Amino acid sequence: MSQISLTFPDGNARDYDKGITPAEVAESISKSLSKKAISATVNGAHWDLQWPIEDDATVAIHTMQDDEQALELIRHDLAHVMARAVQEIWPDVKVTIGPVRDNGWFYDFDRAEPFTPEDLGAIEAKMKDIINARDAVKTEVWGRDEAIEYYESRGESFKVELVNRIPEGENIRMYWHGDWQDLCRGPHLQHTGQLPADAFKLTHVAGAYWLGDSDRPMLQRIYGVAFKNRKDLKAWETMMEEAAKRDHRKLGREMDLFHMQEEAPGQIFWHPNGWKIYTTLQDYMRRQQERDGYVEVNTPQVVNRKLWEASGHWDNYQENMFIVEVDEDHAREKTVNALKPMNCPCHVQVFNQGLKSYRDLPLRMAEFGSCNRYEPSGALHGIMRVRGFTQDDAHIFCEESHIESETKKFIEFLAAIYADLGFHDWSIKLSTRPEKRIGTEESWDHAEESLGNACKAAGYDYEIQEGEGAFYGPKLEFVLTDAIGREWQCGTLQVDPNLPERLDANFVGQDGAKHRPVMLHRAVLGSFERFIGILIESHAGKLPFWLAPRQVVVTTIISEADGYADEVVAALKAAGVRAEADTRNEKINYKVREHSLAKVPVILAVGAREVEEKTVSVRRLGEKQTAVMSLDDIVAELKDAALAPDLK
RNA sequence: GCUGCUGUAGCUCAGAGGUAGAGCACUCCCUUGGUAAGGGAGAGGUCGAGAGUUCAAUUCUCUCCAGCAGCACCA
């Protein structure tokens with residue numbers, strides 16, 4: 001038998017028989033390692049302990065100390081254990097796929113009856129039995145026909161399809177957890193006893209399409225989460241509770257920001273408090289855009305379908321547009337309009353008025369564009385995904401040669417705004433040409449290169465999303481991370497040579513001939529509605545002072561201080577601070593509690609002493625201590641704090 | 001749109017085949033109290049909408065609407 005040389009992480013190499021498995025390697029090193037081993041990394045690939053090694057390789061044996069591999073295996077093996085538990089309880093259920101995802105896994109099942117929350121408990125209990133049984137995991141490579149015959153004989157039609165989808169030349173790997181069998185890529189643990197019986201939880205059931213295709217049958221997906229130990233599971237539960245506390249729908253009600261109701265699904269009734277956030281943010285954005293060389297326009301809401309046909313939206317998005325039919329007197333046919341789902345075609349109309357010269361480019365045309373899209377009912381989510389929204393939209397009409405410099409300028413613009421808004425952790429994704437596309441390879445090369453170069457020139461790295469671009473051009477997506485680590489795609493920049501072509505936009509070049517401009521669609525916040533939702537959740541409602549809708553409440557301790565409270569409020573208002581007095585006949589405890597819950601950043605209390613000394617007792621949100629300050633000092637401080645970051 | 005679940009007072013929720021209840025919020029009264037709920041009284045509901053079963057429906061059935069969790073979608 002021929003020998004192979006295995007190199008270990010410490011640099012030492014040893015010769016072994018060809019075809020040796022990591023399990024045997026571990027055994028050769030030490031008894032305890034062989035017991036603790038969970039998997040290996042062989043030449044960079046995550047490797048099952050049972051898979052043979054055929055050539056010289058670098059080998060690292062993993063134990064539960066290696067978080068990345070341990071979690072991957074725990075979650076993956078639990079997916080199998082759950083599927084086994086389900087089939088042991090309900091033998092007629094068909095199994096499909098069960099990958100690792102986020103903090104756990106899911107597994108999709110085909111079963112006529114829906115799973116109930118009580119079922120989840122029963123499955124969990126059965127899973128614990130399987131873990132306690134410490135059943136060995138075994139694996140074999142099978143031939144395609146053999147595997148298909150096996151699954152057909154068991155009526156596992158979804159597995160048959162999966163086997164058929166495995167590309168030629170790839171191993172068809174069969175796994176057993178005890179007697180229970182599944183088709184699986186692996187790797188897996190040595191035995192189910194290596195799983196933590198107290199660190200997983202089945203979270204919920206939901207429908208999911210087979211292979212993610214809405215034309216295919218809907219299966220039942222059971223989600224689970226799993227960690228290395230109970231402590232980590234608890235931490236996850238705490239984190240989920242924290243996220244629930246931050247839910248913008250809950251905070252929106254508690255802070256009296258907005259409401260939504262049945263008669264206008266997917267649309268927002270902004271209350272005075274919420275609208276204050278909105279307008280403050282919009283005023284800020286308007287100042288930024290003016291400073292950065294944009295011109296602001298405003299365009300119609302209801303536009304004849306002819307324009308949408310010309311732009312191509314009618315063909316692609318008719319289903320998602322609000323159609324408005326107008327039956328004009330004496331008209332043979334109704335006029336068909338659509339509420340605008342986006343602003344770009346209208347912006348091209350503005351561009352097309354009058355002759356444009358190359359000297360006019362780049363032309364940066366901005367609009368706080370109110371759009372309406374008939375989003376599928378299941379997509380709606382609070383103010384984050386709505387049917388009526390306003391984008392901080394702009395289109396930069398430019399020449400191809402401007403793409404790079406305009407993109408760099410935009411990235412710097414966006415970076416400054418995110419920083420002002422308190423988001424310092426964000427990243428860029430570059431989506432490149434998809435399979436179905438229009439335009440020449442040269443123009444794609446140029447556009448993709450321009451976007452990449454612009455990122456580098458602005459000093460940012462980017463991640464490439466192969467084939468994720470729009471059919472007409474590549475795009476950048478800007479993803480920010482919020483205070484509890486969740487990611488939100490907000491900003492975007494898309495290169496579009498198509499729409500100017502379709503809507504016949506042109507400019508007179510230096511050569512006196514007509515040329516086609518390129519459009520860059522771009523947004524920083526995305527939509528105000530969604531962005532405000534993100535702000536609320538990221539700050540848990542405790543917005544930065546300048547954005548807080550109610551900045552100061554002056555509470556009285558005794559009614560004799562009412563007049564002074566009004567004086568304090570007047571002084572704050574004169575300084576541009578949003579202040580109100582609370583002179584209700586309630587105790588200070590009561591008032592402090594109420595305004596704290598409403599997330600008012602500063603509570604000023606005034607009683608006999610304050611009236612006497614012309615001071616206020618200052619209590620800041622989130623702090624227990626209070627401090628006495630002179631009226632002049634607090635007004636000066638809050639006057640500054642109330643200014644938007646760009647006005648300081 | 002699809003699967004499952006939910007819809008009772010402003011909010012959070014309980015309830016039962018015989019037309020409803022709690023806490024908080026609200027109004028009034030007492031209380032002037034020093035930093036996260038002082039006390040008392042009162043008012044408040046076509047039980048999401050429509051149809052069906054029934055002597056009787058808010059409760060059971062069906063349809064619709066909306067919401068929630070996923071999936072699909074997101075120009």
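Look up: the structure comes first, before these words.
Thresholds applied
Residues numbered from 1 in each chain as written. Chains lettered and ligands numbered in written order. Predicted model: local features only at pLDDT ≥ 70, side-chain atom pairs only at ≥ 80, totals over all residues. Heavy atoms only, no water. Helix = DSSP H or I, 4+ residues; strand = E, 2+ residues; numbered from the N terminus. Buried < 20%, exposed > 50% of the residue type's maximum accessible area, 1.4 Å probe, protein only. Contact = heavy atoms within 4.5 Å. Areas by Shrake-Rupley, 256 points an atom, 1.4 Å probe, with all protein chains shown as cover. Lys, Arg positive; Asp, Glu negative; His and termini not counted. Charge placed at Lys NZ, Arg CZ, Asp CG, Glu CD. Near = heavy atom within 4 Å. Polar contact = N/O pair within 3.5 Å; in protein donor to acceptor, adjacent residues only side chain to side chain. 1 Å grid on protein atoms, 1.4 Å probe; cavity = no way out; pocket = protein on both sides within 12 Å on 5 of 7 lines; lining within 4 Å. Points joined across faces, edges and corners; volume = space filled by probe spheres on them. Nonpolar A, V, L, I, M, F, W, Y, C, P; charged D, E, K, R; others polar. Salt bridge = Lys/Arg side-chain N within 4 Å of Asp/Glu carboxyl O. Axes fitted to C-alpha atoms, helices over the stretch in contact; angles between N-to-C directions. Parallel < 35°, antiparallel > 145°, perpendicular 65-115°, else oblique. Left-handed = near helix turned anticlockwise from the far one by under 90°. Patch = residues over 30% accessible without salt bridge, like charges linked within 9 Å, V, L, I, M, F, W, Y side chains within 5 Å.

> Explain the overall build of chain A here, please?
When its secondary structure is counted, chain A shows 20 helices and 33 strands. By principal-axis analysis of the C-alpha atoms, chain A measures approximately 90 × 75 × 60 Å. Out of the 648 residues belonging to chain A, those deemed buried represent 51%. Considering only intrachain contacts with a sequence separation of at least 6, the fraction spanning at least 24 residues in chain A is 67%. When the accessible surface of chain A is totalled, it reaches about 31,300 Å², and 47% of it is carbon and sulfur. Side-chain charges in chain A split into 77 positive and 108 negative, and the spacing between the mean points of these groups amounts to 4 Å.

> Any chance you could explain the protein's contact with RNA strand B here in plain terms?
Lining the immediate environment of RNA strand B, one finds 52 residues, of which I557, N585, R593, S617 and R619 sit closest. Backbone atoms, meaning sugar and phosphate, make up 49% of the atoms of RNA strand B lying within 4 Å of the protein. Measuring from a sugar or linking oxygen of RNA strand B, one finds a side-chain N or O atom of E262 at 3.3 Å. At a separation of 2.7 Å, a base oxygen of RNA strand B approaches a polar side-chain atom of R385. Breaking the surface near RNA strand B down by element, the ones donating at least two residues are β12 (200-209), β13 (218-226), α8 (248-254), α11 (313-317), α18 (588-597), α19 (608-613) and β32 (615-620). Ranked by the residues each element gives to the surface near RNA strand B, the list is headed by α18, at seven residues.

> Would you take a moment to explain the layout of surface pockets for this structure?
Empty space among the atoms becomes apparent when a probe as large as a water molecule is rolled across them. Taken as a whole, the largest pocket encloses approximately 1,400 Å³ of empty space. As for the largest pocket, its lining consists of 39 residues, of which Y317, M342, R373, Q391 and Q494 are closest to the centre. Those elements that provide at least two residues to the lining of the largest pocket are α11, β21 (388-398), β24 (475-481), β25 (487-496), α15 (498-502) and β28 (518-527). A class-by-class count of the residues in the lining of the largest pocket yields 15 nonpolar, 14 polar and ten charged. Contributing to the lining of the second largest pocket are 24 residues, with I166, L183, C184, R185 and G186 lying nearest its centre. Of all elements in the fold, only α3 (67-89), α6 (157-165), β10 (172-177) and β11 (180-183) reach the threshold of two or more residues within the lining of the second largest pocket. Of the residues assigned to the lining of the second largest pocket, the class counts are eleven nonpolar, six polar and seven charged.

> I'm lost on the pattern of salt bridges in this one. Help?
Scanning all chains against the criterion turns up 43 salt bridges. One salt bridge in this structure joins R144 and E168, with 3.7 Å as the shortest N-O distance. Separated by 24 residues along the polypeptide, R144 in helix α5 (residues 144-153) and E168 in the loop between α6 and β10 bring together distant segments of the chain. Between E367 and K340 there is a salt bridge, with its nearest N and O atoms 2.9 Å apart. Here E367, found in strand β20 (residues 363-372), pairs with K340, found in the loop between β19 (335-339) and α12 (344-352); they are 27 residues apart in sequence, far enough to count as distant. On the accessibility criterion, E367 (1% relative accessible area) is buried. The structure contains a network of salt bridges with shared partners spanning R433, R437, E441, D445 and E448.

> Would you take a moment to explain the packing of helix α9 (residues 272-291) against helix α16 (residues 528-538) for this structure?
Helices that pack against each other are described as a pair by the angle of their axes relative to one another and the distance between those axes. Relative orientation of the contacting elements α9 and α16 amounts to 110°, with a least axis distance of 11 Å. One element, α9, and the other, α16, form an angle in the roughly perpendicular class. In the packing of α9 onto α16, the handedness of the crossing is right-handed. Every residue of α16 that contacts α9 at I277, Y278, L281, Q282 and M285 is listed here: F528, E529, F531, I532 and L535.

> How do you make sense of empty space enclosed by the protein when you look at a structure like this?
Counting across every chain of the model gives one cavity of 30 Å³ or more. Size it by volume and the largest cavity reaches roughly 30 Å³. Forming the boundary of the largest cavity are R286, Q289, E290, Y294, V295 and E296. Breaking the lining of the largest cavity down by element, the ones donating at least two residues are α9 and β16 (295-296).

> So what exactly am I meant to see when it comes to a negative patch on the surface here?
Judged by side-chain charge, E140, D145, E146, E149 and E152 come together as a negatively charged surface patch. Of the residues forming the negative patch, the biggest block, four residues, is contributed by α5. You can see E152 is positioned in helix α5. The class for E152 is exposed, based on a relative accessible area of 53%.

> Please explain the packing of α3 against helix α4 (residues 117-132) as it appears in this structure.
Packing of α3 against α4 brings their axes to within 9 Å, and their N-to-C directions diverge by 115°. Considered as vectors, α3 and α4 are oriented roughly perpendicular to each other. Note on packing geometry: the crossing formed by α3 with α4 is right-handed. Touching L78, V81, M82, R84, A85, V86, E88 and I89 of α3 are A122, I123, K126, M127, I130 and I131, all from α4.

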